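What follows is the residue order along each chain.
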Amino acid sequence: MTIISAQPYDYELPEDGNIALIVIDMQRDFMELGGFGDILGNDVSLLQAIVPTLKTLLAGCRSRNLPIFHTTEGHQPDLSDCPDSKRKRGKGKLTIGDAGSLGRILILGEPGNGIIPELAPLPGEIVIPKPGKGAFYNTDLEPLLKERNVTHLLITGVTTEVCVQTTMREANDRGYECLLVEDATESYFPEFKQATLEMVRAQGGIVGWTATTDQVLQGLQ
Ligand code: C5J
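Since this is a predicted model, take the numbers as computed values, not measurements.

## Re the overall build of the protein chain
Reasoning step 1: A tally of helices and strands in the protein chain yields eight helices and 10 strands.
Reasoning step 2: The globule rule puts the C-alpha radius of gyration for 221 residues at 17 Å, and the 17 Å found for the protein chain is close to it.
Reasoning step 3: Dimensions of the protein chain, computed from the C-alpha atoms along their principal axes, are close to 50 × 35 × 30 Å.
Reasoning step 4: Within the span of the protein chain, comprising 221 residues, buried residues form 52% of the whole.
Reasoning step 5: Of the contacts made within the protein chain by residues no fewer than 6 positions apart, 73% connect residues no fewer than 24 positions apart.
Reasoning step 6: Accessible surface, the protein chain: about 9,900 Å² in total, of which carbon and sulfur atoms supply 51%.

As structure tokens, this is what we get:
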């Protein structure tokens, strides 16, 4: 049994369980000026705080040969998978599909859709394009996890209260034991990050657990 010291209590990975790392949306569209996060009026520099920690966690998971899944939020170039409601939100000068300084905003394959170089996926790691906030909605994530007999998920990335939390809730409803890595997830709103950490682990871990990168790597040994 692997035990990770966590909140609200120890997180256990039994001998017959398998754990994977999920890195949500560490793409230029959320991290850099000119991307989707920026056009919505956010201070994108806030998200840089987790890049070194996430790099450490990725290295630790790679050295333990854990399955690693990266996601990117993005839409088909013809926007056929983007609801009008999503395009209309924000009421900024630019919206999803418009040309920005990182290419067309939130469109698959555009420069802005690329994962930041510090956290670039290695060969063999799976990149899941996702049209929604949750990584299970309209994607192959669930069958790919099932193929690998994954039962437990380490969840990281941006932004904590949007795509990260949505994914954790989707995973929880599908029976995965989820741990949100506190210093490997970030938000444009520090208070929303804090609230998310508290709400997922409240009520005896109603959505799952939280722990730091150090605690995760110590527990995984
Ligand atoms: C947002 C995300 N915030 N990756 N996407 O629109 O959290």
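## Re the packing of helix H3 (residues 51-63) against helix H8 (residues 213-220)
Reasoning step 1: Between H3 and H8, whose axes approach to 10 Å, the crossing angle comes to 10°. When the axis of H3 is compared with that of H8, the two are roughly parallel. Counted together, Thr 53, Thr 56, Leu 57 and Gly 60 of H3 and Thr 213, Val 216 and Leu 217 of H8 form the full contact between these two elements.
Reasoning step 2: Here the contact of H3 with H8 is built from residues that sort into three nonpolar, four polar and no charged.

## Here we look at the pairing of strand S7 (residues 126-130)
Reasoning step 1: Alternating residues of S7 divide into Ile 126, Ile 128 and Lys 130, all buried, and Val 127 and Pro 129, none buried.
Reasoning step 2: When strand S4 (residues 68-73) meets S7, the two strands line up parallel, connected through five bridges. Bridge assignment links Phe 69 to a residue of S7, and that residue is Ile 126.

## What to know about unusual backbone geometry
Reasoning step 1: Here the residue pair Gln 7 and Pro 8 is connected by a cis peptide bond, since its omega of 5° sits within 30 degrees of zero.
Reasoning step 2: Residue Thr 159 follows Val 158 across a cis peptide bond; omega there is -15°.
Reasoning step 3: Structurally, the position occupied by Thr 159 is in the loop between strand S8 (152-158) and helix H6 (160-173).
Reasoning step 4: We note that Asn 138 has phi near 60°; this positive angle belongs to a residue other than glycine.
Reasoning step 5: Residue placement: Asn 138 occurs in the loop between S7 and helix H5 (141-147).

## Observations regarding the packing of aromatic side chains
For any pair of aromatic rings, geometry is given as the distance between the ring centres together with the angle between the planes.
Reasoning step 1: Going through the model one piece at a time under the given rule, you end up with five aromatic pairs.
Reasoning step 2: Seen in terms of ring centroids, Tyr 11 and Trp 209 are 5.1 Å apart; in terms of plane orientation they differ by 75°. Their pairing is edge-to-face. Of the two residues, Tyr 11 sits in strand S2 (residues 11-13) while Trp 209 sits in strand S10 (residues 209-211), which places them 198 residues apart along the sequence.
Reasoning step 3: You can call Trp 209 buried: its relative accessible area is 10%.

## Regarding H3
Reasoning step 1: The end-to-end C-alpha separation of H3 is 18 Å, in line with the 18 Å expected for 13 residues at 1.5 Å each.
Reasoning step 2: Along H3, the positions that sit buried rather than exposed are Val 51, Thr 53, Leu 54, Leu 57, Leu 58, Gly 60 and Cys 61.
Reasoning step 3: Just beyond H3, the residue with positive phi is Asn 65, at close to 55°.

## A short note on the sheet that holds strand S9 (residues 177-186)
Reasoning step 1: Taken together, six strands build an open sheet; the order of strands is S7-S4-S3-S8-S9-S10 and the sheet is parallel. Sheet topology places S7 and S10 at the edges, where each strand pairs with a single neighbour. The sheet shows a mean angle of 25° between the axes of neighbouring strands, direction not considered.
Reasoning step 2: Strands in contact with H8 are strand S3 (19-24), S8, S9 and S10; relative to S9, the strand with the most contacts, it is inclined by about 135°.

Conventions we followed
Residues numbered from 1 in each chain as written. Predicted model: local features only at pLDDT ≥ 70, side-chain atom pairs only at ≥ 80, totals over all residues. Heavy atoms only, no water. Helix = DSSP H or I, 4+ residues; strand = E, 2+ residues; numbered from the N terminus. Rg over C-alpha atoms; globule rule 2.2 N^0.38 Å. Buried < 20%, exposed > 50% of the residue type's maximum accessible area, 1.4 Å probe, protein only. Contact = heavy atoms within 4.5 Å. Areas by Shrake-Rupley, 256 points an atom, 1.4 Å probe, with all protein chains shown as cover. Axes fitted to C-alpha atoms, helices over the stretch in contact; angles between N-to-C directions. Parallel < 35°, antiparallel > 145°, perpendicular 65-115°, else oblique. Nonpolar A, V, L, I, M, F, W, Y, C, P; charged D, E, K, R; others polar. Pairing = 2+ DSSP bridges. Phe/Tyr/Trp six-rings, centres within 6.5 Å; stacked < 30°, edge-to-face > 60°. Expected span 1.5 Å × (residues − 1).

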